[in-house]
Amino acid sequence: MSEPILVVGEALVDVIVRGDQRTPLPGGSPANVALGLARLGQDDVTLLTQLGPDEDGELVRRHIESSGATVRVEGAPEHTSQAIARLAADGSATYDFQLDWSLPDIDLPDLTHLHTGSIATYLAPGANSVAGLAKRARSRATVSLDPNVRPDLAGEDVGEYIEEMVRLADIIKASDEDIEYLFPEDDIDAVIARWLEAGALLVVVTRGADGSTLATASCRCDIASPKVDVIDTVGAGDTYMAGLIDELSRRSLLGAEARPRLGQLDADELRAIGEFAAAAAAVTVSRAGADLPTRDDIRLGE
């Protein structure tokens, strides 16, 4: 029996438009993480999100629940959020986001870990509710954050929202693109140090094909990305995040009581955790779309 994990954030439909053809696909970074955790064998995963009472909402719900995760819907938006990608003849895309995020305050369920990130952490008014949930969860749960910034949706105050969440997070996973957008004048090492000083126990930076870095206050480890034939990178970061949380769970490193051990991981432990997360992401990039792997898929790819 795995520990109860709550994932908080947006679930939406990506609508791919090619000429007159519209293809709806379930998406959303937190939704992908919840699905990925369940596929990796975590049997007590809940996605707290918003879905409208429409076909898109049912599409997303079926997709997440088919993995074994539970979907908890709070609030009543008129429509399920959409990210519309219009593809030109040369394959380039323009995006139109139709999003609502106004998560109400709720009573926290039983949990050992809370994960959040992406649009849910910087789109008002729901972002304020997410921060409130994280504050209340810390007394009994670890908290993880993946900023996963969408520049088209990030307002001038995105940095303030992210910094508030950084102060609440035990585990931060960010891409080099996130860091470049949020801190254009700082290098990655400076940002890692800043986040550790702010209270994070584990900071992870992913760099796509160039690998990833895992760091605690006393130890650092660089991980190479596995060599695979890349179909696309959709969902790669979400897969890495799911793999990271799953591996920490299996090592009993989630939950408030585990904080001292989480902050004292040695190089061998960091390498094993990072290599598993990277192997999971490698499976996803070898497939079309955000098709996150099971543990058996990862073993087959070794």
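Up top you'll find the structure we're talking about.
Parameters at a glance
Residues numbered from 1 in each chain as written. Predicted model: local features only at pLDDT ≥ 70, side-chain atom pairs only at ≥ 80, totals over all residues. Heavy atoms only, no water. Helix = DSSP H or I, 4+ residues; strand = E, 2+ residues; numbered from the N terminus. Rg over C-alpha atoms; globule rule 2.2 N^0.38 Å. Contact = heavy atoms within 4.5 Å. Areas by Shrake-Rupley, 256 points an atom, 1.4 Å probe, with all protein chains shown as cover. Lys, Arg positive; Asp, Glu negative; His and termini not counted. Charge placed at Lys NZ, Arg CZ, Asp CG, Glu CD. Buried < 20%, exposed > 50% of the residue type's maximum accessible area, 1.4 Å probe, protein only. Pairing = 2+ DSSP bridges. Axes fitted to C-alpha atoms, helices over the stretch in contact; angles between N-to-C directions. Expected span 1.5 Å × (residues − 1). Core = buried A, V, L, I, M, F, W, Y, C linked by side-chain atoms within 4.5 Å. Polar contact = N/O pair within 3.5 Å; in protein donor to acceptor, adjacent residues only side chain to side chain. Parallel < 35°, antiparallel > 145°, perpendicular 65-115°, else oblique. Nonpolar A, V, L, I, M, F, W, Y, C, P; charged D, E, K, R; others polar. Phe/Tyr/Trp six-rings, centres within 6.5 Å; stacked < 30°, edge-to-face > 60°.

Caption draft 1: Broad picture of the overall build of the protein chain. Within the protein chain one finds 10 helices and 13 strands. In summary, the protein chain has a C-alpha radius of gyration of 18 Å against a globular reference of 19 Å for 302 residues, a match within 12%. On the principal axes, the C-alpha backbone points of the protein chain span a range of 55 × 45 × 45 Å. Contacts in the protein chain between residues far apart in sequence, at least 24 positions, make up 72% of those at least 6 positions apart. Accessible area for the protein chain stands at about 13200 Å²; split by element, carbon and sulfur atoms hold 46% of it. When the 26 basic and 52 acidic side-chain charges of the protein chain are each reduced to a single mean position, those positions are 4 Å apart.

Caption draft 2: Looking closely at the pairing of strand E2 (residues 12-18). Counting buried positions along E2 gives five out of seven residues, so the element sits mostly inside the fold. The antiparallel pairing of E2 with strand E3 (residues 21-27) creates a hairpin that spans two residues between the two strands, and Gly 19 there sits at a positive phi of about 60°.

Caption draft 3: Molecular detail of the sheet that holds strand E1 (residues 5-8). The nine strands are arranged E5-E4-E1-E8-E9-E10-E11-E12-E13 in an open sheet whose pairing can be described as mixed. Each edge of the open sheet is held by one strand with a lone partner, namely strand E5 (70-73) and strand E13 (220-223). Recorded for the sheet is a direction-independent mean angle of 15° between the axes of neighbouring strands. For strand E12 (residues 212-215) and E13, the ladder comprises four bridges, and the chain directions are antiparallel. Considered in E13, the bridge of Leu 214 is made with Cys 221. Sitting on the sheet, helix H9 (residues 267-285) touches strand E11 (202-206), E12 and E13, and the angle it makes with E13 is about 30°.

Caption draft 4: Summary view of helix H7 (residues 236-250). In this model, H7 (15 residues) spans 21 Å end to end at C-alpha, consistent with the 21 Å of a helix rising 1.5 Å per residue. Summarising burial for H7: 13 of the 15 residues are buried, a large majority.

Caption draft 5: Geometry of unusual backbone geometry. Of the consecutive residues Ala 124 and Pro 125, the connecting peptide bond is found in the cis state with omega at 0°. Within the secondary structure, Pro 125 is located in the loop between strand E8 (113-117) and helix H3 (126-137). The backbone of Ser 118 shows a phi angle near 60°, a positive value even though the residue is not glycine. As for its placement among the helices and strands, Ser 118 is situated in the loop between E8 and H3. One non-glycine residue, Asn 148, lies in positive phi territory at about 40°. Considering the arrangement of structural elements, one finds Asn 148 in the loop between strand E9 (142-146) and helix H4 (158-168). Residue class for Asn 148 comes out buried when judged on its relative accessible area of 14%.

Caption draft 6: Inspection of the pairing of E1 at higher detail. Both faces of E1 are covered, namely the face carrying Ile 5 and Val 7 and the face carrying Leu 6 and Val 8. Where E1 and strand E4 (residues 45-49) come together, four bridges link them in parallel fashion. Along E4, the bridge assignment pairs Ile 5 with Val 45. In this sheet, E8 lies alongside E1 in parallel orientation, the contact comprising four bridges. What sits directly across from Leu 6, in E8, is Leu 114.

Caption draft 7: Layout of the nonpolar core. Counting residues in each nonpolar core, the largest one holds 49 residues, and the members touching the most others are Leu 37, Ile 64, Leu 202, Leu 214, Leu 244, Leu 248 and Leu 262. Ignoring anything within four residues of it in the chain, the contact list for Leu 248 reads Ile 171, Leu 202, Leu 253, Leu 254, Leu 262 and Ile 273. Grouped together as the second largest cluster of nonpolar side chains are 43 residues, Ala 120, Tyr 122, Val 158 and Ala 200 included.

Caption draft 8: Structural detail: the side chain of Ser 212. Residue placement: Ser 212 occurs in strand E12. The class of Ser 212 is buried, set by a relative accessible area of 2%. At a separation of 2.9 Å, a polar atom in the side chain of Ser 212 contacts the side chain of Tyr 240. Once residues within four sequence positions are removed from consideration, Ser 212 is found in contact with Val 205, Thr 206, Arg 207, Cys 221, Asp 222, Ile 223 and Tyr 240.

Caption draft 9: The arrangement of the packing of H3 against H4 in detail. It is the contact of H3 with H4, at a shortest axis distance of 10 Å, that shows an interaxial angle of 10°. Judged by the angle between their axes, H3 and H4 are roughly parallel. Where H3 abuts H4, its residues Ala 127, Asn 128, Ala 131, Ala 134 and Lys 135 lie against Tyr 161, Glu 164, Met 165 and Leu 168. For the contact of H3 with H4, the per-class residue count stands at six nonpolar, one polar and two charged.

Caption draft 10: Looking closely at the packing of aromatic side chains. Here the structure, examined in full by the defined rule, presents one aromatic pair. Look at Phe 183 and Trp 195: their rings are 6.0 Å apart centre to centre, the planes differ by 70°, and that puts the pair in the edge-to-face class. Remark: Trp 195 occurs in helix H6 (residues 188-197) and Phe 183 occurs in the loop between helix H5 (176-182) and H6; sequence separation between them is 12 residues.

Nothing here speaks to function; it is geometry throughout.
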